[in-house]
Amino acid sequence: MTEPVKEILPREIYPEIKGNLLLFSKMIDEFVNFGTHIMTWVIDNSKGSDEQMPLTMLLRDMLEKADSISTLIKFSNTEPSKIILRSVFELALYIRYLLEGNFEDRSMSFLVCNAKDTIRINKAFDKKDQSYKTTLNILDKDEFFDRSFMDSIPSSEPIIENQKSILKLPAYQRFDKEYERIKKKDNRNPSWYRLFDGPRNIRELAEKVNIPFLYEILYRKWSENVHGTEIIKGRIVKSENPSLDEGKVNANIIQINLPKDAQEVTTYTLLLLLMTFLKLRDKKIKNRNREITEWYLKVRPDYQRIISGEKYINVEL
């Protein structure tokens, strides 16, 4: 097996840092583990039909992503974990928005938008649709794939027809019409929370559910990590080397998997999970208040130590 350049990618983690990373990881694990009980209680308390699905699936997705952050933190993969944390924040917004208004209407809006997105994506693989020709034109310009790639992909027409049949159901028709109204009004395919003149973007959604500051420090601050534009900032530092000729710049690339922000990522992951659990308690599972309170009292000492501001890992660049 090829050995990495240790100055760029040290595989060994100092024991004291490894211990703290394990502490962070285990705490996230504890929150995710308890979250599976929260999800079970939400399902048990659900009354209705299709409109109950979005909340359960959003919570499941949130727990899965938080669990992946735990794994990344454990092995000091801090920068990639920020990308996933941004997604966890979005899911927290979605769940709060579902719970703080007309739950049925917002849930059905989510389902309709999901059906519309599925139809739009799969039209690219339906030979009877105009979008298929567009896909072929794109393939003609691609360096690695050509039109023969499409021959191995079965037609998506059955998937499209299935989604269309769902949208024709009486329970979906009002929301289908609302989707088309907003699409015409905004001249774009709307996000599900935009229906019934809801927030136009994530920033407005964060304001709507009363956590705009978290948007500023999580979503906006780390958006460059998601889009791949922050490839220099925080990754290169000036090197002080007296042997260099005057006027020349020498820089060092910071090692991969630096644990510098591991505690911050852990703090916000735990905070978003706890906020979501409490919101679900208040709106969906009030009968589980005792179990939630008892659990929180058990984890509170370790939780508060991590979020207190006391630095477990000090990294100077």
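Quick caveat: nothing in here was measured; it's all calculated off a predicted structure.

Student: For this particular structure, what's the right way to read the packing of aromatic side chains?
Tutor: Centre-to-centre distance and the angle between the planes together describe a pair of aromatic rings. By the definition in use, this model includes 16 aromatic pairs. Taken together, a centroid distance of 5.9 Å and an interplanar angle of 80° make the contact between Trp-192 and Tyr-193 edge-to-face. Look at Trp-192 and you get buried, because its relative accessible area is 8%. Overall, Tyr-193 belongs to the buried group, its relative accessible area being 5%. With a centroid separation of 5.4 Å and an interplanar angle of 20°, the aromatic rings of Tyr-215 and Tyr-219 are classed as stacked. Here the residue Tyr-215 and the residue Tyr-219 both occupy positions in helix H10 (residues 212–220), the gap between them amounting to 4 residues, near one helical turn. For the pair shown, Tyr-215 and Tyr-219 are each scored as buried.

Student: What am I meant to see in the packing of helix H4 (residues 103–122) against helix H8 (residues 170–186) here?
Tutor: Packed helices, taken two at a time, are described by their axes: the angle between them and the distance between them. The geometry of H4 relative to H8 is characterised by a closest axis approach of 9 Å and an angle of 70° between their N-to-C directions. Of the possible angle classes, the one that applies to H4 and H8 is roughly perpendicular. Crossing hand, H4 versus H8: right-handed. Each of Asp-105, Met-108, Ser-109, Leu-111, Val-112, Cys-113, Lys-116 and Arg-120 in H4 lies in contact with H8, whose residues at this interface are Ala-171, Tyr-172, Arg-174, Phe-175, Asp-176, Tyr-179 and Glu-180.

Student: I tried to follow the layout of surface pockets on my own but got confused; where do I start?
Tutor: Over the atoms a probe the size of a water molecule is rolled, and this reveals where empty space is left. Considered as a void within the structure, the second largest pocket measures approximately 360 Å³ in volume. Every residue lining the second largest pocket is counted, 14 residues in all, and those nearest its centre are Pro-10, Glu-12, Ile-13, Gln-255 and Asn-257. Taken together, the residues that form the lining of the second largest pocket break down as 8 nonpolar, 4 polar and 2 charged.

Student: Sorry if this is basic, but what is going on with a negative patch on the surface here?
Tutor: A cluster of acidic side chains, namely Asp-142, Glu-143, Asp-146 and Asp-151, defines a negative patch on the protein surface. With respect to the helices and strands, Asp-146 occurs in the loop between helix H5 (130–140) and helix H6 (148–151). When its relative accessible area of 45% is taken as the criterion, Asp-146 is described as partly exposed.

Student: What's the story with the side chain of Arg-106 in this structure? I'm lost.
Tutor: When you line up the elements, Arg-106 lands in helix H4. No salt bridge is formed by the buried Arg-106; the nearest opposite charge belongs to Glu-100, separated by 6.1 Å. Aside from chain neighbours lying at most four places away, what touches Arg-106 is Tyr-97, Leu-98, Glu-100, Gly-101, Trp-192 and Lys-208.

Student: What is the right way to read the pattern of salt bridges from this model?
Tutor: Once their charged atoms are close, side chains differing in charge can pair, the charge on each being opposite to the other. Applying the stated rule across the entire model yields 24 salt bridges. Between Asp-61 and Lys-65 there is a salt bridge, with the nearest N and O atoms lying 2.8 Å from each other. Remark: Lys-65 and Asp-61 occur in helix H2 (residues 53–74); sequence separation between them is 4 residues, near one turn of the helix. Judged by its relative accessible area of 23%, Asp-61 falls in the partly exposed class. Residue Arg-96 pairs with Glu-100 through a salt bridge whose shortest N-O separation is 3.6 Å.

Student: Can you walk me through H2 in this structure?
Tutor: For an α-helix, the turn length of 3.6 residues means that residues three or four places apart are oriented alike. Here H2 is 22 residues long and its end C-alpha atoms lie 32 Å apart, about the 32 Å a rise of 1.5 Å per residue gives. Residues of H2 that are buried: Pro-54, Leu-55, Thr-56, Leu-58, Leu-59, Met-62, Leu-63, Ala-66, Ile-69, Ser-70, Leu-72 and Ile-73. Looking at the buried side of H2, the elements it contacts are helix H1 (15–45), helix H3 (78–99), H4 and helix H12 (262–283). Positioned one or two residues after H2, Ser-76 has a phi angle of 70°, which is positive.

Student: Sorry, what's going on with the packing of H1 against H2 here?
Tutor: It is at 8 Å that the axes of H1 and H2 come closest, and there the two elements cross at 165°. It follows from the interaxial angle that H1 and H2 lie roughly antiparallel. Of the two possible hands of crossing, H1 and H2 adopt the one that is left-handed. Across the contact of H1 with H2, the residue classes break down as 15 nonpolar, 5 polar and 4 charged.

Student: Where do I start with the environment of Thr-269 in this structure?
Tutor: Looking at the secondary structure, you find Thr-269 in helix H12. Through-space distance from the C-alpha of Thr-269 to that of Ile-84 is 9.7 Å; in sequence the pair is 185 residues apart.

Student: Just checking my understanding: could you explain the environment of Leu-258 for this structure?
Tutor: Within the secondary structure layout, Leu-258 lies in the loop between strand S2 (251–253) and H12. Residue classification places Leu-258 among the buried residues on the basis of a relative accessible area of 17%. Separated by 183 residues in sequence, Leu-258 and Phe-75 have C-alpha atoms that sit 9.9 Å apart.

Student: Before we go on, may I ask you to explain the nonpolar core in this structure?
Tutor: Nonpolar side chains in soluble globular proteins tend to be buried together. Counting 73 residues, the largest nonpolar core has Phe-31, Ile-38, Phe-89, Leu-214 and Leu-272 as the members making the most contacts within it. At 12 residues, H1 tops the list of elements feeding residues into this core. Leaving out residues up to four positions away in the same chain, Ile-38 has contacts with Leu-59, Phe-277, Leu-280, Ile-285 and Ile-292.

Reading the values: rules and limits
- Residues numbered from 1 in each chain as written.
- Predicted model: local features only at pLDDT ≥ 70, side-chain atom pairs only at ≥ 80, totals over all residues.
- Heavy atoms only, no water.
- Phe/Tyr/Trp six-rings, centres within 6.5 Å; stacked < 30°, edge-to-face > 60°.
- Buried < 20%, exposed > 50% of the residue type's maximum accessible area, 1.4 Å probe, protein only.
- Helix = DSSP H or I, 4+ residues; strand = E, 2+ residues; numbered from the N terminus.
- Axes fitted to C-alpha atoms, helices over the stretch in contact; angles between N-to-C directions.
- Parallel < 35°, antiparallel > 145°, perpendicular 65-115°, else oblique.
- Left-handed = near helix turned anticlockwise from the far one by under 90°.
- Contact = heavy atoms within 4.5 Å.
- 1 Å grid on protein atoms, 1.4 Å probe; cavity = no way out; pocket = protein on both sides within 12 Å on 5 of 7 lines; lining within 4 Å.
- Points joined across faces, edges and corners; volume = space filled by probe spheres on them.
- Nonpolar A, V, L, I, M, F, W, Y, C, P; charged D, E, K, R; others polar.
- Patch = residues over 30% accessible without salt bridge, like charges linked within 9 Å, V, L, I, M, F, W, Y side chains within 5 Å.
- Areas by Shrake-Rupley, 256 points an atom, 1.4 Å probe, with all protein chains shown as cover.
- Salt bridge = Lys/Arg side-chain N within 4 Å of Asp/Glu carboxyl O.
- Lys, Arg positive; Asp, Glu negative; His and termini not counted.
- Charge placed at Lys NZ, Arg CZ, Asp CG, Glu CD.
- Expected span 1.5 Å × (residues − 1).
- Core = buried A, V, L, I, M, F, W, Y, C linked by side-chain atoms within 4.5 Å.

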